[in-house]
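These are the residues of each chain, in order.
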Amino acid sequence: MALVAGIDSSTQSCKVVVRDADTGALVRQGRAAHPDGTEVDPRHWLAALRSALAEAGGLADVAAVSVAGQQHGMLCLDEAGEVVRPALLWNDTRSAGAAADLVAELGPGFWAEAVGSVPVASFTVTKLRWLASHEPVAATRTAAVCLPHDWLSWRLAGAPGLDRLVTDRSDASGTGYFDSRTNDYRTDLLERALGHAAVLPRVLGPAEAGYVGAGSGDLLIGAGAGDNAAGILGVQAGDEVLVSVGTSGVACARSTTPAADPSGLVAGFADATGAFLPLACTLNAARVLDAAARLLGVDLAGLSELALAAPPGAEGLVVVPYLEGERTPNLPDATGALHGLTLANATPANLARAAVEGMLCGLAAGLDALAGQGVRVDGVRLIGGAARSEAVCRIAPSVFGVPVRVPTAGEYVADGAARQAAWALAGSPEPPDWPLGEVLTYQADEVPGLRERYREAAARYLPR
């Protein structure tokens, strides 16, 4: 029995799954936490990876491994391969001004056509411009730029040299300087942001091995992927729309045609199979529920019970959940708002319901943006930490207006990385077809006026 491992190095933690390469059966797993913050020394990620691998029994009997990681983060290396400064994560919005400058210099239409996306503060290219403007010494030291999953794959292989850095299309497509239609870097855009050329990871095909040996014995290290692309692969969603409700909220779908949305709402990313992945992302997702639970003095299970005890629409109470700024729409400096509060509706249950509905309305705006790019939204596959909430599962269909299918809770990003590792190991034309567990379907009538009240509240109380 050949074993493969999948690694999910996310914002909050590192997860490792070891699975049977043929059947996908879970053999063992491990997990370790990452430090909080939007600026992190990547050596913490490496320490967490080693801890999670140890808990999962190591890689001594594993034939292949792939790493999926949080997208966009800026990780700069000097000529010796040393980290220049702590990595800026996707949710660090200090580069919002740099993003606005880059868009103003070339125009949103140019960016959408050149790389499929209009840069926002999340994108690596904007963080590089911020670095060049605010930390010029660090920018000058930067000899190579990579992403979290690139760096971890490289370190697993023994850090063999900057020229051996590799990545994949899905993660490269979120940098702001890669054209996923031609599979080429736009080095002119990198240099516009950073101020000079830098080594960039070689872009591998979906089932291509990044490293064999080179400090890792006979272990094959696959191309890896961005977390959203790996999640699609792990849940085997095919062309169905996937909504992931974790630290961020993501709505995306596999497509055979690239997206190029000059409004910037939809990012034209690539997927992990050689196709494309139009994607809309919100900065505020599961942690909106954490904040509401903390405010109400309950745990997440208690929040779910309260939300389901309130009527649909929360008697007119609306939460606009832009607690950390927002990306869809692009409002990096926004804050949240509570709208429609009256003596009659000021109850814990209504506040809990409004928090869930507000978070889901933000994601529904992403679904609308995808539909505007030609994506069919006939149903939604719901995953992520918040998909464990009964309230989220039961309320989502009434907000989205389509059936919602929820697979058994699992580490789908790590599973997608493991499936990619098995694909690379087999050398087959398509990834292996692993059986999925139970999938529950939730249906409900759409609540009239709910999304309109949310949009009105956002427009009235938040800057635009």
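This text gives an overview of the structure that appears in the document. Only a predicted model underlies this, so the values are computations on that prediction, with no experimental measurement involved.

1. A look at the packing of helix H2 (residues 96-106) against helix H3 (residues 108-115)
Phase 1: Running from N to C, H2 and H3 cross one another at 95°; their axes reach a closest spacing of 6 Å. By the angle class used here, H2 and H3 are roughly perpendicular. Contacts between H2 and H3 involve Leu102, Val103 and Leu106 from the former and Pro108, Phe110 and Trp111 from the latter.
Phase 2: Partitioning the contact of H2 with H3 into residue classes produces six nonpolar, no polar and no charged.

2. Focus on the pattern of salt bridges
Phase 1: Summed over the entire model, instances satisfying the criterion amount to 25 salt bridges.
Phase 2: The salt bridge partner of Asp78 is Arg141, with a shortest N-O separation of 3.0 Å. One end of the pair, Asp78, is in the loop between strand S6 (75-77) and strand S7 (87-88); the other, Arg141, is in helix H5 (residues 136-141), and 63 residues separate them in sequence.
Phase 3: The exposure class assigned to Asp78 is buried, which follows from its relative accessible area of 13%.

3. Let's talk about helix H8 (residues 187-194)
Phase 1: Within H8, the full set of buried residues consists of Leu189, Leu190, Ala193 and Leu194. Across the axial projection of H8, the buried residues extend over an arc of 120°, all falling on one side.
Phase 2: Phi turns positive one or two residues past the end of H8, at Gly195, with a value near 100°.

4. A short note on the pairing of strand S19 (residues 276-282)
Phase 1: Burial runs high along S19: seven of the seven residues are buried.
Phase 2: Residues Phe276, Pro278, Ala280 and Thr282 of S19 are buried on one face, and the alternating residues Leu277, Leu279 and Cys281, pointing to the opposite face, are buried as well.
Phase 3: The turn joining strand S18 (residues 267-270) and S19, which pair antiparallel and follow one another in sequence, is formed by five residues; a positive phi near 105° is taken by Gly274.

5. A few points about the sheet that holds S19
Phase 1: Within the open sheet, the seven strands sit side by side as S18-S19-S17-S16-S22-S23-S24. Their pairing is mixed. Strand pairing shows two members of the sheet lacking a second neighbour, S18 and strand S24 (439-442), which therefore form its edges. When strand polarity is set aside, the average angle formed by the axes of neighbouring strands in this sheet is 30°.
Phase 2: Two strands pair when backbone bridges link them, and strand S17 (residues 249-252) and S19 are joined in this way by four bridges, in the antiparallel orientation.

Rules and cut-offs
Residues numbered from 1 in each chain as written. Predicted model: local features only at pLDDT ≥ 70, side-chain atom pairs only at ≥ 80, totals over all residues. Heavy atoms only, no water. Axes fitted to C-alpha atoms, helices over the stretch in contact; angles between N-to-C directions. Helix = DSSP H or I, 4+ residues; strand = E, 2+ residues; numbered from the N terminus. Parallel < 35°, antiparallel > 145°, perpendicular 65-115°, else oblique. Contact = heavy atoms within 4.5 Å. Nonpolar A, V, L, I, M, F, W, Y, C, P; charged D, E, K, R; others polar. Salt bridge = Lys/Arg side-chain N within 4 Å of Asp/Glu carboxyl O. Buried < 20%, exposed > 50% of the residue type's maximum accessible area, 1.4 Å probe, protein only. Arc of directions from axis to C-beta. Pairing = 2+ DSSP bridges.

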